[in-house]
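Report on the structure
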Amino acid sequence: MPTASVTITNEVDLLNSLEPFQQSLAEHPLYRSIHSLDALHLFMQSHVYAVWDFMSLLKALQRALTCVTLPWVPSTDPVSRRLINEIVLGEETDEYQGQPLSHYELYLHAMQSCGADIIPMQALLASLASGAPLDESLNAIPAEAAAFVRTTFEIITTGQPHRIAAAFTFGREDLIPDMFTQFVRNLDDELPGQIAPFRFYLERHIELDGDEHGPKALAMMRHLCPTTNHWAEAAETAAQALQARISLWNGILNRIG
């Protein structure tokens, strides 16, 4: 497995150190294994938890970089404050068919449209809403997804904005290969209407990451990493998040068989 063993002192070092992880994700055999609607269902039924816990990373950053308590007082970094609020607007209240929708809710709609099982995901949220601890609630979901979510919340509980931002900025780059998006397009042509919401989700995700959220998140990282030590810690956390994604992909691949 790839490792990040080089000395990290700046943004360029960080990006270079993550290339092996990103290449492993881009070339992962999982994508080649998804060649039927049933396989897509298995993928979505584990991946949905990563879509969901992404929102907790997002809100952890908003909480750290803005003021969400009363009485309101201005946070100390107005640039990062604006960047994270702009990202929240798109992720939590994007538009689909003229209606505001979070990307998690869009993904759930895509699952329903193509026949994937959303009951376990809904059961997790119901368990949390009833007051059950997160770690206990995760025992009921696919093991690879539970491990991934636990890594996410381990990073969140550091309470360090540059580490959380590193997982958000670098650890969630799906690097979706063309072969996978083409499969989804072909399936959409074969099953008109059923796959359209998932196709929209993928294409919207690629569009936002490349043109808007990716550059904004990177700009936020530069504000949150004023020292070489910050960059080194950010690289460590980004590598941890990417390795967690690789492990998630491995688990889903084993599930598809």
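Let me sum up the structure you'll find in this document.

What counts and what doesn't
Residues numbered from 1 in each chain as written. Predicted model: local features only at pLDDT ≥ 70, side-chain atom pairs only at ≥ 80, totals over all residues. Heavy atoms only, no water. Helix = DSSP H or I, 4+ residues; strand = E, 2+ residues; numbered from the N terminus. Rg over C-alpha atoms; globule rule 2.2 N^0.38 Å. Buried < 20%, exposed > 50% of the residue type's maximum accessible area, 1.4 Å probe, protein only. Contact = heavy atoms within 4.5 Å. Areas by Shrake-Rupley, 256 points an atom, 1.4 Å probe, with all protein chains shown as cover. Lys, Arg positive; Asp, Glu negative; His and termini not counted. Charge placed at Lys NZ, Arg CZ, Asp CG, Glu CD. Axes fitted to C-alpha atoms, helices over the stretch in contact; angles between N-to-C directions. Parallel < 35°, antiparallel > 145°, perpendicular 65-115°, else oblique. Phe/Tyr/Trp six-rings, centres within 6.5 Å; stacked < 30°, edge-to-face > 60°. Lys NZ or Arg CZ within 6 Å of the ring centre and 35° of its normal. Core = buried A, V, L, I, M, F, W, Y, C linked by side-chain atoms within 4.5 Å.

1. Let's talk about the overall build of the chain
- Of the regular secondary structure elements, the chain holds 12 helices and two strands.
- Its helices and strands taken in sequence order, the chain reads α-α-α-α-β-β-α-α-α-α-α-α-α-α from the N to the C terminus.
- In terms of overall size, the chain behaves like a compact globule, its C-alpha atoms giving a radius of gyration of 18 Å where 257 residues would be expected to give roughly 18 Å.
- Its C-alpha atoms put the chain at 50 × 45 × 35 Å along the principal axes.
- Going through the 257 residues of the chain one by one, you find that 50% of them count as buried.
- Considering only contacts within the chain whose residues lie at least 6 apart along the sequence, 75% involve residues at least 24 apart.
- Per element, the accessible surface of the chain, about 11,900 Å² overall, is 54% carbon and sulfur.
- Within the chain, one finds 15 positive and 31 negative side-chain charges whose respective centroids are separated by 4 Å.

2. A closer look at the packing of helix α3 (residues 37–65) against helix α6 (residues 119–129)
- At a minimum axis distance of 10 Å, the contact between α3 and α6 shows a crossing angle of 40°. With respect to each other, α3 and α6 are oriented oblique. Every residue of α6 that contacts α3 at Val-48, Tyr-49 and Trp-52 is listed here: Pro-120, Met-121, Leu-124, Leu-125 and Leu-128.

3. As for the environment of Leu-224
- Counting through the fold element by element, Leu-224 comes out in helix α11 (residues 196–224).
- The class for Leu-224 is buried, based on a relative accessible area of 12%.
- When the C-alpha positions of Leu-224 and His-162 are compared, they lie 5.3 Å apart, and in sequence the two are 62 residues distant.
- The contacts of Leu-224, once residues within four sequence positions are left out, are Leu-65, Ser-80, Pro-161, His-162, Ala-165 and His-230.

4. Observations concerning the packing of aromatic side chains
- This model, assessed by the stated rule, comprises 11 aromatic pairs.
- With 4.9 Å between their ring centres and 20° between their planes, Phe-54 and Phe-168 make a pair best called stacked. One end of the pair, Phe-54, is in helix α3; the other, Phe-168, is in helix α9 (residues 161–170), and 114 residues separate them in sequence.
- Residue class for Phe-54 comes out buried when judged on its relative accessible area of 13%.
- Through a chain of ring-to-ring contacts, three or more aromatic side chains come together here, namely Tyr-31, Phe-43, Tyr-107, Phe-180, Phe-198, Tyr-201 and Trp-249.
- Geometry around Trp-249 places Arg-245 over its ring, the cationic atom sitting 5.0 Å from the centre.

5. Things to note about the nonpolar core
- Ranked by internal contacts, the top residues of the largest apolar core, which has 82 residues, are Phe-43, Phe-180 and Phe-198.
- If near-sequence neighbours (up to four positions away) are discounted, Phe-43 is found in contact with Leu-30, Ile-34, Tyr-107, Phe-180, Phe-198, Trp-249 and Ile-252.

6. Quick look at the side chain of Ser-75
- With respect to the helices and strands, the residue Ser-75 is situated in the loop between α3 and α4 (78–92).
- If we ignore the near neighbours within four places in the chain, the residues touching Ser-75 are Leu-65, Thr-66 and Arg-81.

7. Notes on the environment of Arg-255
- Inspection of the secondary structure assignment puts Arg-255 in helix α12 (residues 228–256).
- According to the relative accessible area criterion, Arg-255 is partly exposed, its value standing at 41%.
- Discounting chain neighbours no more than four positions away, the residues touching Arg-255 are Leu-42, Ser-46, Pro-142, Ala-143 and Glu-144.

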